[in-house]
There are 2 protein chains.
Amino acid sequence: MTTKIDVNEAAELLLAKDNILILCHKNPDGDTLGSAAALCCVLRLLGKTAAVACHNTIPAKYEYLNIPVYNDEFEVEYVVSVDVAGVNLLGETMAHYAHKVDLCIDHHESNNGYSNYLCLKEDYPAAAQLMYEVILAMGCEITPHVADCLYTGLITDTGCFKYSSTTPLTHVVGARLMELGAQHTMLVEKFFMSKTAKAVKLEKFMLNNLEYYFDDRCALLALTRDVILDIKPEPTDIDGLSAMPRNFEGVDVSILIRPLREEGAYKLSIRTGETVSANEIAAALGGGGHVRAAGCEVIGSLDSVKKAILKEVENILCR
Amino acid sequence: MTTKIDVNEAAELLLAKDNILILCHKNPDGDTLGSAAALCCVLRLLGKTAAVACHNTIPAKYEYLNIPVYNDEFEVEYVVSVDVAGVNLLGETMAHYAHKVDLCIDHHESNNGYSNYLCLKEDYPAAAQLMYEVILAMGCEITPHVADCLYTGLITDTGCFKYSSTTPLTHVVGARLMELGAQHTMLVEKFFMSKTAKAVKLEKFMLNNLEYYFDDRCALLALTRDVILDIKPEPTDIDGLSAMPRNFEGVDVSILIRPLREEGAYKLSIRTGETVSANEIAAALGGGGHVRAAGCEVIGSLDSVKKAILKEVENILCR
């Protein structure tokens with residue numbers, strides 16, 4: 001049973017504790033890393049002992065966050081998870097903390113209450129927007145570096161203020177973080193105005209191999225094992241790819257098929273426009289997700305997997 | 001000689017006048033149209049007679065701005081230009097207003113002071129940010145529709161808060177406009193999350209035909225007359241294309257060559273990263289522009305034009 005607490009109560013808990021370990025979710029993104037880095041920096045400025053742990057190595061892209069990775073250098077007395085909706089998202093190497101999380105600071109509606117205390121704002125587009133409030137409630141100064149960390153979370157989880165989760169408050173926090181020294185231009189260039197050579201290759205493959213169905217209302221891309229071995233994309237490159245055709249004029253459903261590690265099994269990512277439920281399509285094949293972004297895993301040959309998903313798409317588009 | 005005035009003086013002038021014509025710049029974008037639409041709406045709500053004029057037909061994309069286009073239905077007593085840096089940008093059919101502009105509301109550093117009065121904020125990323133202040137200074141209510149108009153200008157001229165011209169104040173105005181009813185999701189989808197079929201075709205052509213030079217530090221794309229006749233892109237599609245390869249990893253200089261109406265003449269768009277001056281490259285061929293975005297027109301065969309620009313790029317990259 002988790003106890004829901006507000007920003008002030010979370011701040012009080014953090015101020016009272018020491019030897020704090022901050023956990024990020026696996027396959028970490030800018031929001032979990034930026035929020036954790038900001039909290040860790042603030043705790044250390046208060047003279048406390050604190051460090052960050054994550055199942056994965058922190059990607060080189062986030063080096064500027066200067067995250068102090070936990071290395072058994074102190075005995076952990078308090079565990080805080082940041083932007084982690086469920087214990088399964090901690091990853092294998094962090095699984096032993098699953099029942100030891102004292103405080104969770106999160107913005108996911110799907111948070112399943114695994115922590116002792118939970119500070120949750122499900123209407124915030126980023127955990128960083130909540131962490132900003134927690135840090136203010138702690139009475140701590142937001143240094144330019146902390147502002148960079150929080151601005152990272154804010155822009156990466158909102159697509160730079162594009163997603164519909166963006167609210168007036170998001171802009172207000174963005175303004176304040178810029179005033180406090182967040183390097184807007186550097187961060188936006190890094191996350192939104194640069195494309196790796198692999199991402200460019202993948203996009204070229206997509207445009208040359210996209211298949212259209214049902215009066216071009218459905219766009220489907222199959223990434224074969226060969227293509228992945230050839231291009232060697234990062235997982236984030238593939239994630240970015242799945243949303244692209246959904247933005248093409250006339251496309252209501254976009255499907256990305258990628259092979260799973262086991263032969264004869266595929267992961268499907270489904271993205272839809274306003275008129276179609278991605279969740280409904282995914283659910284028909286045993287998956288799930290959100291209204292406009294969902295996924296499922298299907299066993300079979302590539303041809304049979306394609307047929308199966310196209311049948312479900314047809315059912316929904318042509319009913 | 002123009003007289004520079006502040007926001008309050010501009011507001012006073014507008015409140016004192018009637019039968020007002022608002023001029024946009026030619027090849028209108030979201031900022032000139034959104035700012036003009038907002039001002040016109042506010043003036044009409046005050047019971048004044050006002051309309052908007054532009055050299056070009058207003059693109060269908062901007063239909064929701066409900067711009068009342070001037071149709072000789074009243075005798076113009078006061079002319080206001082919005083987001084127009086120089087009279088040459090009014091376009092041929094508006095050229096007769098060149099020496100009759102009473103008030104110019106603008107944010108271009110290059111504004112050459114052609115109007116009787118000039119209200120200029122060159123550190124604002126969009127004319128809409130200035131128009132927001134003018135309307136507030138007029139003591140007028142910002143209705144949800146006016147908020148939509150202004151938010152349009154704000155997001156289109158900042159790449160949705162991405163460009164380095166974005167300031168804390170831009171976010172503050174963005175927040176306020178959302179609170180006042182601006183339809184964030186609808187507007188962002190329209191301008192940043194949808195791609196026309198022509199734009200997709202053009203991007204595919206680009207990825208398949210991009211040429212790389214000087215250890216891949218220079219990317220060059222030549223659009224031939226045949227390709228343009230085949231795809232029939234909008235001018236904005238081609239404009240969007242020129243900036244893309246600049247964001248590819250390792251690319252310092254991106255060149256887009258397109259044929260001009262006259263045979264044997266080409267327009268070159270040059271986009272550069274932080275280390276190279278686009279203006280310097282363009283100037284070497286008789287053109288000009290900004291540090292990171294410049295252009296020139298060159299006469300010759302496509303081959304000779306390519307050779308000429310690559311020689312200038314080589315001079316700068318390899319010096």
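Residues numbered from 1 in each chain as written. Chains lettered and ligands numbered in written order. Predicted model: local features only at pLDDT ≥ 70, side-chain atom pairs only at ≥ 80, totals over all residues. Heavy atoms only, no water.

Draft legend 1. Here's a closer look at the sheet that holds strand S5 (residues 103-106) of chain A. Residue and element names in this part refer to chain A. Ordered by their spatial adjacency, 6 strands build an open sheet running S1-S6-S5-S4-S2-S3, and the pairing between neighbours is parallel. Of all the strands in the sheet, just strand S1 (3-4) and strand S3 (50-53) have a single pairing partner and so form its edges. Note: strand S4 (residues 78-82) against S5, 3 bridges, orientation parallel. Along S5, the bridge assignment pairs Val 80 with Leu 103. Across the sheet, helix H2 (residues 30-45) touches strand S2 (20-23), S3 and S4, and the angle it forms with S3 is around 165 degrees. Packing against the sheet, helix H3 (residues 127-137) makes contact with S4, S5 and strand S6 (117-120), and its axis sits at approximately 125 degrees to S5. (Pairing = 2+ DSSP bridges. Helix = DSSP H or I, 4+ residues; strand = E, 2+ residues; numbered from the N terminus. Contact = heavy atoms within 4.5 Å. Axes fitted to C-alpha atoms, helices over the stretch in contact; angles between N-to-C directions.)

Draft legend 2. Spotlight on the packing of aromatic side chains. Tallied over the full model, the rule gives 9 aromatic pairs over all chains. Their ring planes at 35 degrees and their centres at 5.6 Å tell us that Tyr 62 of chain A and Phe 191 of chain A sit as a pair that is tilted. Of the two residues, Tyr 62 of chain A sits in the loop between S3 and S4 while Phe 191 of chain A sits in helix H6 (residues 184-192), which places them 129 residues apart along the sequence. For the ring pair Tyr 151 of chain B and Phe 161 of chain B, a centre distance of 6.3 Å and an interplane angle of 50 degrees mean the geometry is tilted. One end of the pair, Tyr 151 of chain B, is in helix H4 (residues 144-158); the other, Phe 161 of chain B, is in the loop between H4 and helix H5 (168-179), and 10 residues separate them in sequence. You can call Tyr 151 of chain B buried: its relative accessible area is 0%. On the basis of relative accessible area, Phe 161 of chain B is assigned to the buried category, the value being 0%. (Phe/Tyr/Trp six-rings, centres within 6.5 Å; stacked < 30°, edge-to-face > 60°. Buried < 20%, exposed > 50% of the residue type's maximum accessible area, 1.4 Å probe, protein only.)

Draft legend 3. Geometry of the side chain of Glu 203 of chain A. Mapped onto the fold, Glu 203 of chain A is located in helix H7 (residues 197-209). Aside from chain neighbours lying at most four places away, what touches Glu 203 of chain A is Lys 195, Leu 241 and Met 244 of chain A together with Glu 203 and Leu 207 of chain B.

Draft legend 4. Layout of the pairing of strand S2 (residues 20-23) of chain B. All names here are of chain B. Residues Ile 20 and Ile 22 point to one face of S2 and Leu 21 and Leu 23 to the other, with burial holding for every one of them. With 4 bridges joining them, S2 and strand S3 (residues 50-53) adopt parallel strand pairing. Bridged to Leu 23 within S3 is Ala 53. As a crossover connection, the stretch from S2 through helix H2 (residues 30-45) into S3 is right-handed. (Right-handed = clockwise from strand over helix to strand, strands pointing away.)

Draft legend 5. Highlighting the sheet that holds strand S11 (residues 288-289) of chain B. Residues and elements named next belong to chain B. The strand order across the open sheet formed by 6 strands is S7-S8-S9-S10-S12-S11, and the pairing between neighbours is mixed. With partners counted over all chains shown, the strands left at the sheet margins are strand S7 (211-213) and S11, one partner each. Judged from the 3 bridges that link them, S7 and strand S8 (residues 218-222) form a sheet pairing that is antiparallel. Each residue of the ladder has a partner; that of Glu 211, found in S8, is Leu 220. Sitting on the sheet, helix H7 (residues 197-209) is in contact with S7 and S8, with an inclination near 125 degrees to S8. Along the sheet, helix H11 (residues 302-317) contacts S7, S8, strand S9 (253-259), strand S10 (265-272) and strand S12 (293-299); its crossing angle with S8, the most-contacted strand, is approximately 165 degrees.

Draft legend 6. Structural context of the packing of H2 of chain A against helix H4 (residues 144-158) of chain A. Residue and element names in this part refer to chain A. Packing of H2 against H4 brings their axes to within 7 Å, and their N-to-C directions diverge by 160 degrees. One way to sum up the angle between H2 and H4 is to call them roughly antiparallel. Along this stretch, H2 crosses H4, giving a crossing that reads as left-handed. Packed against H2, whose contacting residues are Gly 30, Asp 31, Gly 34, Ala 37, Ala 38, Cys 41 and Val 42, the element H4 presents His 145, Val 146, Cys 149, Leu 150, Thr 152, Gly 153, Thr 156 and Asp 157 at the interface. (Parallel < 35°, antiparallel > 145°, perpendicular 65-115°, else oblique. Left-handed = near helix turned anticlockwise from the far one by under 90°.)

Draft legend 7. Structural detail: the environment of Thr 32 of chain B. Residue and element names in this part refer to chain B. Mapped onto the elements, Thr 32 comes out in helix H2. Residue Thr 32 is classed as buried on the basis of its relative accessible area of 0%. Sequence separation of Thr 32 and Thr 152 is 120 residues, and the distance between their C-alpha atoms is 9.7 Å. Setting aside anything within four residues of it in sequence, one finds Thr 32 in contact with Cys 24, His 25, Val 82 and Asp 83.

Draft legend 8. Examining the interface of chain A and chain B more closely. Across the contact, 35 residues belong to chain A and 35 residues belong to chain B. Carbon and sulfur atoms make up 61% of the surface buried where chain A meets chain B, a total of about 3,100 Å² over both sides. Where chain A meets chain B, there are 4 salt bridges. The set of elements that each furnish at least two residues to the side of chain A that touches chain B consists of helix H5 (168-179), H6 and H7 of chain A. When residues in the side of chain A that touches chain B are grouped by element, the largest group, 7 residues, is from H5 of chain A. By residue class, the composition of the side of chain A that touches chain B is 15 nonpolar, 11 polar and 9 charged. (Buried area = accessible area lost by both parts, 1.4 Å probe. Salt bridge = Lys/Arg side-chain N within 4 Å of Asp/Glu carboxyl O. Nonpolar A, V, L, I, M, F, W, Y, C, P; charged D, E, K, R; others polar.)

Draft legend 9. Just the packing of H4 of chain A against H5 of chain A, in detail. Residue and element names in this part refer to chain A. Between H4 and H5, the least distance of the axes is 9 Å, while the angle of their chain directions is 145 degrees. As for the relative orientation of H4 and H5, their crossing is left-handed in sense. Along its contact with H4, which presents Ala 147, Leu 150, Tyr 151, Leu 154 and Thr 158, the element H5 presents Thr 170, Val 173, Gly 174, Leu 177 and Met 178. Split by residue class, the contact of H4 with H5 holds 7 nonpolar, 3 polar and no charged.

Draft legend 10. Region of interest: the environment of Gln 183 of chain A. All names here are of chain A. If you trace the backbone, Gln 183 turns up in the loop between H5 and H6. Residues Gln 183 and Leu 14, 169 residues apart in the sequence, show an inter-C-alpha distance of 27 Å. Separated by 2.6 Å, the side chains of Gln 183 and Asp 148 make a polar contact. (Polar contact = N/O pair within 3.5 Å; in protein donor to acceptor, adjacent residues only side chain to side chain.)

Draft legend 11. Up close: the pattern of salt bridges. The tally for this structure, following the rule as stated, stands at 16 salt bridges over all chains. Two residues, Glu 179 of chain A and Arg 176 of chain A, come together in a salt bridge whose shortest N-O distance is 2.8 Å. Of the two residues, Glu 179 of chain A and Arg 176 of chain A both sit in helix H5, 3 residues apart, roughly one turn of that helix. Overall, Arg 176 of chain A belongs to the partly exposed group, its relative accessible area being 37%. Of the charged contacts, one joins Arg 292 of chain A and Glu 189 of chain B as a salt bridge, the two residues approaching to 3.5 Å between their closest N and O atoms. Here the residue Arg 292 of chain A occupies a position in the loop between strand S11 (288-289) and strand S12 (293-299), and Glu 189 of chain B occupies one in helix H6 (residues 184-192), the pair thus bridging two chains.

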